[in-house]
Amino acid sequence: MSKFKTLAKAAAFATVLGLSGWVAYDLTRPAYDGAAGITYGAAPAPIRGTDIEFNIWYPATPGGKAITVGGNGVFYGTPAGRNAPHQTGRFPMVIISHGAGGNAGQFGWIASELAQAGFVVVLPNHPGTTTGNASAEAAIRVWERPADVSAVLDEITANAATYPYIDTDNISILGFSAGGYTTMATAGARVDPDLLQGFCDETDHGMSDCAFLAHFGINLHDFDLSPAAQDLRDPRITTAVIIDPGIVETMTEQSLKQIDIPMLVINLGNEETIPVGVYARAASDLIPKAHYTVVGDAAHFSFLARCKPRGAQILIDEGELDPLCDDAGGRPRVEIHRELSNAIVAYLEGHI
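These notes cover the structure that comes with them.

Cut-offs and rules
Residues numbered from 1 in each chain as written. Predicted model: local features only at pLDDT ≥ 70, side-chain atom pairs only at ≥ 80, totals over all residues. Heavy atoms only, no water. Core = buried A, V, L, I, M, F, W, Y, C linked by side-chain atoms within 4.5 Å. Buried < 20%, exposed > 50% of the residue type's maximum accessible area, 1.4 Å probe, protein only. Helix = DSSP H or I, 4+ residues; strand = E, 2+ residues; numbered from the N terminus. Disulfide = S-S within 2.5 Å. Phe/Tyr/Trp six-rings, centres within 6.5 Å; stacked < 30°, edge-to-face > 60°. Pairing = 2+ DSSP bridges.

Core analysis: the largest hydrophobic core is formed by 105 residues, its most contacted members being W57, I96, L114 and L174. Ranked by the residues each element gives to this core, the list is headed by helix α11 (residues 333-349), at 6 residues.

Structure (structure tokens):
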């Protein structure tokens, strides 16, 4: 037998052992006794040349396997029931769009609350700006993210038999940071390419985005950003919630005035300290059906999952540019999440 065949056989055997160990471990997981189930899906995305993977949280009854979603050395995860039985009925849908470099698992804290409140929550991982699959060049192609949302909606609405528990006549969207831009774009906001191209010319807007691009040698003037001006509205979306939207300064006044769906716009922190790059009061004032509010004593990254005691130091050791574990300091992140959850659930329930 050749050396290659020997190595291949050994690798295959190790894989089988690994899978066997996982199966054995999975079989010993306790049954889930809560009300938030989770499963997974994928949607073809022609603009990406690959599939968009997504998490689905849904109203559940006890059963399935108890798992923790999104936990790692830095962040706490959220309990869920993998493949737990569905509650009876069809439930309104909420898509959640994560921020640049984030991922679907970071938002179990709000997905779980929404599922227990009677919503199905779909969280796509945006290729090119997702943890483990991110690049500076992909991050500037902002128009690809709203297309991801539409691709996921295409998959779900075209396969009603696969998703019988989703009421596709009631679709909302919730976005954080770059996901806030994504959400506004799916509601009809358009970007002025000239403003986007000059975004890093004179200021950092109180954020680390421009430093991130410079670190990887990205000059926005070297790229054709005209696709950012296209209309990316998805008419299937009927309500939106936006938190600290990225590149909000580059959105055109005319497009904001034409947004015709109810929209809750939230900034994190006191208005005098909110970074100008995500400060959304002016944009909100232009949107006919928008309601603007702030969650005080918070910071931009307060929307992420709660950090573990050593989380901040781990991030420093790994060279992370952003203070992902920092809040304003006056109250713990769990309290900020509670205020956000209450506001988001109440707003969406009021607009079903």
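Next comes the rest of the description.
According to the stated counting rule, one finds 2 disulfides in the structure shown. The disulfide partner of C307 is C325, and the S-S distance across this bridge is 2.1 Å. The sign of the -90° torsion about the S-S bond sets the C307-C325 disulfide as left-handed. Placement of C307 in the loop between β12 (290-295) and α10 (311-317) and of C325 in the loop between α10 and α11 is noted, with a sequence separation of 18 residues between them. What links to what in the protein: the bonded cysteines, counted in sequence order, pair as 1-2, 3-4.

Here we take up the packing of aromatic side chains. Counting across every chain of the model gives 7 aromatic pairs. Taken together, a centroid distance of 6.1 Å and an interplanar angle of 15° make the contact between F107 and F303 stacked. Of this pair, F107 sits in the loop between β5 (91-97) and α2 (108-116) while F303 sits in the loop between β12 and α10, placing them 196 residues apart in sequence. With a relative accessible area of 0%, F107 lands in the buried category. Here the aromatic residues F107, W109, F176, F301 and F303 are joined through ring pairs into a cluster of three or more.

On to the pairing of strand β4 (residues 78-82). The pairing of strand β1 (residues 36-45) with β4 spans 2 bridges and is classified as parallel. Considered in β4, the bridge of I38 is made with R82. As paired elements, strand β3 (residues 65-69) and β4 share 5 bridges and run antiparallel to each other. Of the residues in β4, the one forming a bridge with A66 is G81.

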